[in-house]
Amino acid sequence: MLSIPTNKHQLTYQKPNFDQQNMQINVLPKFDPEIATPLYDVNDLYQNAQCFQNDPEVYNKKSKKEKQNSKKNDHKLQITTQFLFGHHVPPYYSVLNHTLMDKYVMHLLKPNAPTAKILRMHKEIIEHEREMFDHWLSNLWEENLKNRRLNTIPFVENYIKSACNFSNDYIKSHYGGTYSSKMKIDYNIRDKVEVNKVEMLYCKRLQADKNGTIINLPMVIDIGNLESKISFKDGVFNPPQKIPLVEDECCRKLSTTNDIDINICLSSLKSIMNLEKPNSLWIIPVNVDIDTDERKTIYIGGALSTGYFSQQQKSWYYLRKEVKKKFQKGSPNEAVQNNNNNYNYDKWMLKVSDGNGNGVDKSFNLLVRNKPQGTQIKPQNTPVVIIPKVEYQPEFGFEKVSEEQFVEYWLDTNFRCPKTKLVLVSVQHNMDLMQVKWTIEKAESLSSNGKDQMYLQRLYLTLDKLTQLGKGEYVLLHNPKKPFHVDLYQSSMYGGFNLLNMYFVLQQTEVSDSLVWNPIDWEILCPIHNYFRVAPCMFRPNPDQLDIQTISEQVTKFNIDRKAKENYENAQLLRKKRIKMEKNKIKRKLKRENDILYNIKNNIINTGNSLTPTN
């Protein structure tokens, strides 16, 4: 039975209470009773259910001064973040001892280091342990960890409430009136059948923002520093100087002089293209203008929030404002200019071809208006956009980024201008800064692997529909209950519904929170994992040297048993499906026979009635 001696200088937690029944439920079955390893030994559950402790042998070799410093650092770390695994301690030791675990952490930091050769022989065992860790953590998520996404700090609630009140006043002052249904756009057709090849080509910057901002980001976040925490003292929503896009004189001027067909705000472009985004409930104003030369110009304004926010969205919305305030500062060499000039205006060309090299079918000149986030000092004054990523389980590892988030990152950077870089700031759910990551390769490569076609085709389909409209005022409405449909409404003086009333109704729309468990990204080290020298998605290091060959044999047997179980379950599903099909076939046959008998009886009755003499 494995054990770790306790020490008064080391970190301790109260041992969780496990009864025998829960212990049998939470632990995976032991496939081979003759072999007991930390992965399956039920008897070690009590002993192993305690907080992670550093290797006793290494700790005892330290000097008295080093132990005191270690104790101080541990106390300092506890201020801003949880200890490794928090109060939810995994029931097993790792198959790796402290030495191998430390080498594995070094390998994650430097994948090309010589340690890769040593760990290659343990690859199968490490992958198996990660799989078990995911299984344990996903069960734990359902019981406890998901509550973190349902909790939000009350001050954030007030911040969001003031932001929604501003949106209400904005819509009331600029978009009142009556609207009637005009058109429905179905994106399922375009998503299933790719007829054309769509390209979004960057032409040039027509006008740049006059307010200079500088990004001041730390290279490494010190998780023991209280200044790394997001403050709630200054969480006040400052209403922006906002006017409808159609009233933007700068936009109108640039549109006329640069032969622009469609003017669009970046927020609307992102909303139209990324329909998979959870709880995507928005209204987009559209104005179609025709000048004296019969030239049609379309103005697609910024997406207006409908007032509904999930707890996750509230945290993200607030954090985006606060993180920008924390890391941005104004340029001292430039004075603040007119509020109407604090946008970037970029010219793009949306080009549609048949994909066979037979030329261009259709093209639109787009002017995209976006608000800059800042300019990085090095290298070469690269423009950057800061995006927060909320971490709900950082003591286990950083969560993987979902496909919808990747698309959001791609849209938020690529369509500001192709040189814009992403600065991803990981923030713990209690608002502690954890890590700053400069780029996301997968988001940048979205356009290179062809996956961008589905999103670009949605944009083209929408713009193509809008160019068919006559002069007037319109709104686009997206309801997440019908995620791949958008309704188009036209301003009308003869009846319909009031936009402000519909806005208030949409605020009451109930959209469920996305509380699915997100897998841990085992390739990225959290600051806390680097501190304790434990790799993500791995159990606590084992103090003893293990028999790798014995564990490898058991892992192989486990994989064989699991495959056999999957094959058995698939066979059962096929059998049930076949039985169901046979039953339906019999029902259809009986129905046809009953219909024939009914018709025969009906014909006999009708014939008898016709032969009956009348008086």
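Now for a look at the structure at hand. All values reported here derive from a predicted model rather than from experimental measurement.

To continue, consider the overall build of the chain. On a plain count of helices and strands, the chain comes out with 19 helices and 19 strands. Within the chain, residue pairs in contact and separated by at least 24 positions form 82% of the contacts whose partners lie at least 6 positions apart.

With that out of the way, let us pick up the pattern of salt bridges. With the rule as written, the count across this model stands at 20 salt bridges. Salt-bridge contacts for Lys 270 lead to Glu 408; the nearest nitrogen and oxygen are separated by 3.7 Å. Separated by 138 residues along the polypeptide, Lys 270 in helix H12 (residues 266-273) and Glu 408 in helix H14 (residues 403-414) bring together distant segments of the chain. We classify Lys 270 as buried; its relative accessible area is 12%. A salt bridge links Lys 270 to Asp 412, with the nearest nitrogen and oxygen atoms 3.4 Å apart. With Lys 270 in helix H12 and Asp 412 in helix H14, this residue pair connects regions lying 142 residues apart in the sequence.

It is worth spelling out the packing of helix H9 (residues 154-174) against helix H17 (residues 499-507) at this point. Packing of H9 against H17 brings their axes to within 10 Å, and their N-to-C directions diverge by 160°. The pairing of H9 with H17 is recorded here as roughly antiparallel in orientation. The handedness of the crossing between H9 and H17 comes out as right-handed. Taken together, the residues of H17 that come into contact with H9 (itself represented by Cys 164, Ser 167, Asn 168, Ile 171 and Lys 172) are Leu 500, Tyr 503, Phe 504 and Gln 507. Its residues assigned to classes, the contact of H9 with H17 comprises five nonpolar, three polar and one charged.

Moving on to the packing of H12 against H14. For the pair H12 and H14, interaxial distance at closest approach is 10 Å and the crossing angle is 150°. Our classification of the angle between H12 and H14 gives roughly antiparallel. The handedness of the crossing between H12 and H14 comes out as right-handed. Of H14, the residues touching H12 (which contributes Leu 266, Leu 269, Lys 270 and Met 273) are Glu 408, Trp 410, Leu 411 and Asp 412. Counted by class, the contact of H12 with H14 contains five nonpolar, no polar and three charged residues.

A surface patch of nonpolar side chains, about 400 Å² in accessible area, is lined by Ile 596, Leu 597, Ile 600 and Ile 604. Tracing the backbone through its elements, the reader meets Ile 600 in helix H19 (residues 548-611). Owing to a relative accessible area of 44%, Ile 600 belongs among the partly exposed residues under this scheme.

Looking now at the environment of Ile 440. Take Ile 440: it is sitting in the loop between strand S15 (433-437) and helix H15 (441-444). Residue classification places Ile 440 among the buried positions, given a relative accessible area of 9%. On a C-alpha basis, the gap between Ile 440 and Val 401 in space is 10.0 Å, while along the polypeptide they are 39 residues apart. The residues contacting Ile 440, other than those within four sequence positions of it, are Phe 406, Leu 422 and Leu 424.

Before going further, it helps to spend a moment on the state of the cysteines. Any covalent bond linking the sulfur atoms of two cysteines counts as a disulfide. Inspection of every chain in the model, using the stated rule, returns zero disulfides. Cysteine Cys 537 remains unbridged, with the sulfur of Cys 526 as its closest cysteine sulfur at 9.6 Å. Classification of Cys 537 by relative accessible area gives buried; the value is 1%.

Now for the packing of aromatic side chains. All chains considered together, the criterion is met by 19 aromatic pairs. Ring geometry for Phe 133 and Trp 136: centres 5.5 Å apart, planes at 65°, overall edge-to-face. Note that Phe 133 and Trp 136 are positioned in helix H7 (residues 123-145) at a spacing of three residues, about one turn of the helix. Of the residues examined, Trp 136 reaches a relative accessible area of 14% and is grouped as buried.

Every α-helical turn comprises 3.6 residues, leaving residues that sit three or four positions apart pointing alike. Taking 1.5 Å as the rise per residue, H9 with 21 residues should run 30 Å; its terminal C-alpha atoms sit 31 Å apart, in good agreement. Turning to H9, its buried residues are Val 156, Tyr 159, Ile 160, Ala 163, Cys 164, Ser 167, Asn 168, Tyr 170 and Ile 171. The inward-facing, buried residues of H9 contact strand S8 (304-305), helix H13 (311-327) and H17.

It is worth spelling out the sheet that holds strand S13 (residues 384-391) at this point. Taking strand neighbours across the sheet as the criterion, the three strands line up as S13-S14-S15 in an open arrangement whose pairing is mixed. What marks the edges here is a single partner per strand, and that holds for S13 and S15. Taking the axes of each pair of neighbouring strands and ignoring which way they run, one obtains an average angle of 20° across the sheet. Of the pairings in the sheet, the one linking S13 to strand S14 (residues 421-428) comprises eight bridges and is parallel in character. Bridging across to S14, Val 390 finds its partner in Val 427. Against the sheet, H14 engages S13 and S14, with an angle of about 160° to S13.

The buried fraction of S14 amounts to seven of the eight residues, a majority that puts the element mostly inside the structure. This β-α-β element, S13 to H14 to S14, shows right-handed connectivity. Taken together, the four bridges between S14 and S15 define a ladder with antiparallel strand orientation. Within S15, the position partnered with Ser 426 by the bridge is Gln 435. The antiparallel hairpin formed by S14 and S15 contains four residues in its connecting segment, where Met 431 sits at a positive phi of about 75°.

So, about the side chain of Asn 370. Relative to the helices and strands, Asn 370 is located in strand S11 (residues 360-370). Side chain to side chain, Asn 370 and Asp 346 meet in a polar contact 3.2 Å long. Each residue touching Asn 370, except ones within four places of it in the same chain, is listed here: Leu 266, Tyr 343, Asn 344, Asp 346, Phe 415 and Arg 416.

Another point: a positive patch on the surface. Judged by side-chain charge, Lys 585, Arg 588, Lys 589 and Arg 592 come together as a positively charged surface patch. Within the element layout of this structure, Lys 589 appears in helix H19.

Okay, the nonpolar core next. With 60 residues, the main nonpolar core has Phe 133, Leu 137, Phe 396 and Val 425 as its most contacted residues. Examining the composition of this core, we find that nine residues originate from one element, H7, more than from any other. Apart from the residues within four sequence positions on either side, Phe 133 is in contact with Phe 85, Phe 396, Cys 537, Met 538 and Phe 539. Of all hydrophobic cores here, the second largest spans 41 residues; its members include Ile 264, Leu 269, Phe 364 and Leu 461.

About the criteria used
Residues numbered from 1 in each chain as written. Predicted model: local features only at pLDDT ≥ 70, side-chain atom pairs only at ≥ 80, totals over all residues. Heavy atoms only, no water. Helix = DSSP H or I, 4+ residues; strand = E, 2+ residues; numbered from the N terminus. Contact = heavy atoms within 4.5 Å. Salt bridge = Lys/Arg side-chain N within 4 Å of Asp/Glu carboxyl O. Buried < 20%, exposed > 50% of the residue type's maximum accessible area, 1.4 Å probe, protein only. Axes fitted to C-alpha atoms, helices over the stretch in contact; angles between N-to-C directions. Parallel < 35°, antiparallel > 145°, perpendicular 65-115°, else oblique. Left-handed = near helix turned anticlockwise from the far one by under 90°. Nonpolar A, V, L, I, M, F, W, Y, C, P; charged D, E, K, R; others polar. Patch = residues over 30% accessible without salt bridge, like charges linked within 9 Å, V, L, I, M, F, W, Y side chains within 5 Å. Areas by Shrake-Rupley, 256 points an atom, 1.4 Å probe, with all protein chains shown as cover. Disulfide = S-S within 2.5 Å. Phe/Tyr/Trp six-rings, centres within 6.5 Å; stacked < 30°, edge-to-face > 60°. Expected span 1.5 Å × (residues − 1). Pairing = 2+ DSSP bridges. Right-handed = clockwise from strand over helix to strand, strands pointing away. Polar contact = N/O pair within 3.5 Å; in protein donor to acceptor, adjacent residues only side chain to side chain. Lys, Arg positive; Asp, Glu negative; His and termini not counted. Charge placed at Lys NZ, Arg CZ, Asp CG, Glu CD. Core = buried A, V, L, I, M, F, W, Y, C linked by side-chain atoms within 4.5 Å.

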